[in-house]
Protein chains: 2
Amino acid sequence: MQSVKIGILGLGTVGSGTVSVLKRNAREISRRAGRDIEIFTAADRDTDKNFDCDLTGVALTDDAFSVVNNPEVQIVVELIGGTGVARDLVMQAIDNGKHVVTANKALIAMHGNELFANAQEKGVTIAFEAAVAGGIPIIKAMREGLAGNRIEWLAGIINGTGNYILTEMRDKGRNFSDVLVEAQALGYAEADPTFDVEGIDAAHKLTIMASIAFGIPLQFYKCYTEGISKIAQEDVQYAAELGYRIKHLGIAKRTASGVELRVHPTLIPHRRLIANVNGVMNAVVVKGDAVGPTLYYGAGAGSEPTASAVVADIVDIVRALTSDPENRVPHLAFQPDAIKDTPILPMSEVTTSYYLRIQTEDKPGVLANITRIFSEQGINIEAILQKQPEDDEGLVPIIMLTQPVAEQNMDEAIAQIEALDTVKTTIMRIRMETLG
Amino acid sequence: MQSVKIGILGLGTVGSGTVSVLKRNAREISRRAGRDIEIFTAADRDTDKNFDCDLTGVALTDDAFSVVNNPEVQIVVELIGGTGVARDLVMQAIDNGKHVVTANKALIAMHGNELFANAQEKGVTIAFEAAVAGGIPIIKAMREGLAGNRIEWLAGIINGTGNYILTEMRDKGRNFSDVLVEAQALGYAEADPTFDVEGIDAAHKLTIMASIAFGIPLQFYKCYTEGISKIAQEDVQYAAELGYRIKHLGIAKRTASGVELRVHPTLIPHRRLIANVNGVMNAVVVKGDAVGPTLYYGAGAGSEPTASAVVADIVDIVRALTSDPENRVPHLAFQPDAIKDTPILPMSEVTTSYYLRIQTEDKPGVLANITRIFSEQGINIEAILQKQPEDDEGLVPIIMLTQPVAEQNMDEAIAQIEALDTVKTTIMRIRMETLG
């Protein structure tokens, strides 16, 4: 059978990993796909640099549009990233009737709706397994493997940088900023860490997973995002004392009134398997009504792990080249005409339990005031941990775990408590999930 | 679009779960599959019993062959189990040009080669996600999600009964036989527990996974099988002391000289994620050369978890109904003409590290004799733990961890040590894996 010709856009970390995997495992991949996959052409801005892969036999160009316009190319593999030229290239490839494989989470999260609509019209597929959780086949698992389920919720550690930092904070008692500096030196974190540490990267991935889980349009801008930079070493320790670990989770949950879509630090019971996912590794728990909780774990980034997902998508497309477009797996798991615009809940209406750390003066009546305010807001306290004064100012940390409460009630309670004379600093609050 | 008509064989635990899931999630499933799935007919030996599902609208029969011979039925769902009539029914369904979905691990492990050959010839698909690890989409993950990888090894907790027993032994300090009796009372273990506890069930599943991982024919009879009934409470405790947990694993590994295929109790480092998979839950680690280690976790048995996999297979087949049979995902991941008859290694040639527990008299020279024998067999000792005499007879347990050694050398060393006057009982040996 004739080989399938692909064109790769971008030969950076993931691009060169993709070339390496396709070449090294060429025989293994052909044995599976039934056809050879030929890297026909590849584009990179700088064609003179030293690439981390063997480009023998690959027509190299600095003109990415020449790849998407090349009539020989059947599958375009977009590994440039970003939402500028990458978007134009993908659109052009679709218009030219080519299938697209991409690892670009921002592109899918922000422009997926229009891209998929165009692909649908042109009868081509956009595959994006590599855009979420690197090498973990989570898109395939949710879209196909759990196709019999009504998915209730999913929760994932989907940013390796953040998980590395939290793991170091817990295992070595270090502070956020120290670990961040080290992570930057090790190459785990970017010079500008905002994207990873403030949850934007995770929000891209969560947006995509939520659409596939619930059959809703991609709505990145409605995703609530809170980073981990405020987590203090003492929070990590108090959480451990109470039987919890703090993880930076992306959570999507179906409720009667809408879909919750939120990225934030979260206390989870230490016995949960996902609480034991450490370092730069990623994992996603998906709860289906029939299957119960399932978990998928692996490397969420890196050259060859991400390439693994890119190549799997290429093989999928090769296998489906002769299939009827109407009968392919839909981009967002649900048929385009069955996507429902279920509302995304505002955070004020999201209900969770809370971990709170309140620094108060060590005086009589303090706890009485706090508990009165909670009671007025209908907040039930699950556990209290009051510590010895910890600094020269004689401030006492009170740790409280609450039962589930709507965020707006918690906001009100916190505002009132912070207004008390005896409460001297901002209250630290971290949401909790049982993930049961 | 017209609905797709299925016929279900067997309305036991999984069969009634499948009916329930298909009915309850009918809308969700149609939104994904693009077509309605209609349970047209179902067969059970006893049509008068009270079924655990709503059979409204389903033509019920006690003649399973009438289902596979019904020209209206497009997909036959075999949930009878066993390798007798189930095999005949599946063969007949294939001969009639029908696609088959089955949860029958014994059937696939023992007769898969001929079934797949027949299906290939008739242009139909046999889907068997539910045959391995219940609701975990592990077949799909390996066959499609990791299609770019050369898979190096896989290791799984793939029998919930065994994992429940080992978890209870560790968490509650109980003995194997006590927990087994309780597991039988709870319905986790059969009246005859051999199938689960001696690793036969796990060997069926491992055989299937190994074929998909490495592109080799199904060779159930070459799978080494060792159960957990000899594991003593003290082994669980010594393992913990040394930083390990004992799990009953199915392991398949590619080596230069052949494929290892073995089910046995295994010491694994307690920090590994899979070491923390407890109770009746299943998990499989798959190591690919590009992606590194990945893990898949969920319920490995039960009515609706297994039904989740059955329904996913039905949806897959519905989506592929119009596809070219030559371009479908091959049954064993690799194209039939690319399956290689790589030899399965005899256990004597398998190399692993070992945990050994040796009961000796508390006399001078005992350890010298043991270490001399090890040295003669080229066995390096990694760690030794010698305990106080533990019983009235004054026998001392010596625990040793070895470096990797070929099984035949370990057999010889153990035979020689057991022949020593000072060694009073059979040596307990448990293989070890780092799973790194």
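None of the values given here were measured: they were computed from a predicted structure.

How each quantity is defined
Residues numbered from 1 in each chain as written. Chains lettered and ligands numbered in written order. Predicted model: local features only at pLDDT ≥ 70, side-chain atom pairs only at ≥ 80, totals over all residues. Heavy atoms only, no water. Helix = DSSP H or I, 4+ residues; strand = E, 2+ residues; numbered from the N terminus. Rg over C-alpha atoms; globule rule 2.2 N^0.38 Å. Buried < 20%, exposed > 50% of the residue type's maximum accessible area, 1.4 Å probe, protein only. Contact = heavy atoms within 4.5 Å. Least-squares fit on C-alpha atoms with pLDDT ≥ 70 in both. Salt bridge = Lys/Arg side-chain N within 4 Å of Asp/Glu carboxyl O. Polar contact = N/O pair within 3.5 Å; in protein donor to acceptor, adjacent residues only side chain to side chain. Pairing = 2+ DSSP bridges. UniProt positions renumbered as here; feature names shortened; annotations may be inferred. Domains from an automatic or database assignment. Phe/Tyr/Trp six-rings, centres within 6.5 Å; stacked < 30°, edge-to-face > 60°. Expected span 1.5 Å × (residues − 1). Core = buried A, V, L, I, M, F, W, Y, C linked by side-chain atoms within 4.5 Å.

**Q** For this particular structure, what's the right way to read the overall build of chain A?
**A** Secondary structure assignment for chain A yields 14 helices and 17 strands. In terms of C-alpha radius of gyration, chain A reaches 24 Å, essentially the compact-globule figure of 22 Å for 436 residues. Projected onto its principal axes, the C-alpha coordinates of chain A cover approximately 80 × 45 × 35 Å. Relative to its full complement of 436 residues, chain A shows a buried share of 62%. Taking as baseline every contact in chain A between residues at least 6 positions apart, the subset at least 24 positions apart corresponds to 73%.

**Q** I'm lost on the environment of B:Asn70 in this one. Help?
**A** Residue and element names in this part refer to chain B. Considering the arrangement of structural elements, one finds Asn70 in the loop between α3 (64-68) and β4 (75-78). In this structure Asn70 comes out as buried when scored by relative accessible area, which is 19%. Through-space distance from the C-alpha of Asn70 to that of Lys98 is 9.9 Å; in sequence the pair is 28 residues apart.

**Q** Even after reading the chapter, I still don't get the relation of the copies chain A and chain B, so can you show me in this structure?
**A** One copy of the chain maps onto the other through a rotation about an axis plus a displacement along that axis. Mapping chain A onto chain B calls for a rotation angle of 180° and an axial translation of 0.0 Å; the resulting RMSD is 0.0 Å. Each copy turns onto its partner about a two-fold axis. Looking at chain A, 100% of its interface residues are interface residues in chain B too, so the copies touch through the same face.

**Q** Explain the interface of chain A and chain B here, please?
**A** When the parts of a complex come together, some accessible area is lost, and that lost area is often taken as the interface size. Taken together, the contact pairs 64 residues of chain A with 64 residues of chain B. Joining chain A to chain B, the criterion identifies nine salt bridges. In this structure, B:Lys140 and A:Glu144 form a salt bridge, with 2.7 Å as the shortest nitrogen-oxygen distance. Counting every contact that joins chain A to chain B gives 30 residue pairs in polar contact (both at pLDDT 80 or more). Bridge analysis of strand β12 (residues 292-299) of chain A against strand β12 (residues 292-299) of chain B gives three bridges, and the strand direction is antiparallel. Bridge assignment links A:Leu295 to a residue of β12(B), and that residue is B:Tyr297.

**Q** Just checking my understanding: could you explain the pattern of salt bridges for this structure?
**A** Opposite charge on two side chains makes pairing possible when the charged atoms of those side chains draw close. Applying the stated criterion to the full structure yields 68 salt bridges over all chains. Residue B:Asp171 pairs with A:Arg271 through a salt bridge whose shortest N-O separation is 4.0 Å. One end of the pair, B:Asp171, is in helix α7 (residues 160-172); the other, A:Arg271, is in the loop between β10 (258-269) and β11 (281-288), on a second chain. Classification of B:Asp171 as partly exposed rests on a relative accessible area of 37%.

**Q** For this particular structure, what's the right way to read the sheet that holds strand β5 (residues 99-102) of chain B?
**A** Strand pairing in a sheet is mediated by backbone hydrogen bonds. Such pairs are either parallel or antiparallel. Residue and element names in this part refer to chain B. Strand order in the open sheet formed by six strands is β3-β2-β1-β4-β5-β6, with parallel pairing between adjacent strands. Strand pairing shows two members of the sheet lacking a second neighbour, β3 (59-61) and β6 (126-127), which therefore form its edges. Across two bridges, the pairing between β5 and β6 is parallel. Bridged to Val100 within β6 is Ile126.

**Q** So what exactly am I meant to see when it comes to the UniProt feature "binding site: NADPH" (unreviewed entry) in chain A here?
**A** All names here are of chain A. Listed under "binding site: NADPH" (unreviewed entry) in the UniProt record, and renumbered for this structure, are Lys105. One can find Lys105 in helix α5 (residues 105-122). By relative accessible area, Lys105 is classed as partly exposed at 21%. Discounting chain neighbours no more than four positions away, the residues touching Lys105 are Ala131, Asp201, His204, Lys205 and Ile208.

**Q** Would you explain the domain arrangement of chain A in this entry?
**A** The domain architecture assigned to chain A consists of domain 1 (4-135 + 303-334), domain 2 (138-299) and domain 3 (349-432). For domain 1 of chain A versus domain 3 of chain A, the distance between C-alpha centres works out to 51 Å.

**Q** Explain the environment of A:Thr167 to me, please; I cannot follow it from the model alone.
**A** Residue and element names in this part refer to chain A. For Thr167, the location among the structural elements is in helix α7 (residues 160-172). You can call Thr167 buried: its relative accessible area is 6%. Excluding anything up to four places from it in sequence, Thr167 contacts Lys247, Asn278 and Gly279. Of the polar contacts made by the side chain of Thr167, one reaches the backbone oxygen of Asn163; its length is 2.6 Å.

**Q** When you look at the pairing of β11(A) in this model, what are you seeing that I'm missing?
**A** Along a regular strand, successive side chains alternate from one face of the sheet to the other. Residue and element names in this part refer to chain A. When you tally the buried positions in β11, you get eight out of eight residues, the bulk of the element. The two faces of β11 match: Met281, Ala283, Val285 and Lys287 on one face and Asn282, Val284, Val286 and Gly288 on the other face are all buried. Relative to β11, strand β7 (residues 151-157) runs antiparallel, the two being bridged by six bridges. Counterpart to Ala155 in the pairing with β11 is Val285. Bridge count between β11 and β12: eight bridges; the pairing is antiparallel. Bridge pairing links Val284 to Tyr296 in β12. Linkage of β11 to β12, two consecutive antiparallel strands, is achieved through a turn of three residues.

**Q** Looking at this structure, how should I read the packing of aromatic side chains?
**A** How two aromatic rings sit relative to each other is set out by the distance from centre to centre and by the angle between their planes. Enumeration according to the criterion identifies seven aromatic pairs over all chains in this entry. Taking 6.5 Å as the distance between ring centres and 70° as the angle between the ring planes, the aromatic pair formed by A:Tyr296 and B:Tyr296 counts as edge-to-face. Of this pair, A:Tyr296 sits in strand β12 while B:Tyr296 sits in strand β12, placing the two residues on different chains.

**Q** Please explain the side chain of A:Asp201 as it appears in this structure.
**A** Residue and element names in this part refer to chain A. Along the chain, Asp201 turns up in helix α10 (residues 200-214). Side chain to side chain, Asp201 and Lys205 meet in a polar contact 2.7 Å long. Once you skip the residues sitting within four places of it in the chain, Asp201 turns out to touch Lys105, Ile158, Asn159, Phe195 and Asp196.

**Q** Could you clarify how one ought to interpret α7(B) in this entry?
**A** Because each turn of an α-helix spans 3.6 residues, side chains separated by three or four positions end up pointing in the same direction. All names here are of chain B. Between its terminal C-alpha atoms α7 stretches 18 Å, which fits the 18 Å expected from 13 residues at 1.5 Å a residue. Burial analysis of α7 places 10 of its 13 residues in the buried class, the great majority of the element. Taken together, the buried positions of α7 are occupied by Gly160, Thr161, Gly162, Asn163, Tyr164, Ile165, Leu166, Thr167, Glu168 and Met169. In this structure, the buried side of α7 is in contact with β7 (151-157), α8 (176-186), α9 (194-197), α11 (233-241), β9 (244-255) and β11 (281-288). The N-cap residue of α7 is Asn159: its side-chain oxygen and the backbone nitrogen of Thr161 are 3.2 Å apart. Following α7 by one or two positions, Gly173 has its phi on the positive side, about 65°.

**Q** Can you help me understand the nonpolar core in this one?
**A** Across soluble globular proteins, you tend to see nonpolar side chains buried next to one another. If you look at the biggest cluster of nonpolar residues, it comprises 118 residues, and the most contacted ones within it are A:Ile138, A:Ile208, B:Ile138 and B:Ile208. Apart from residues no more than four positions distant in its own chain, A:Ile208 is found in contact with A:Lys105, A:Ile108, A:Ala109, A:Phe128, A:Ala131, A:Val132, A:Ile139 and A:Leu218.

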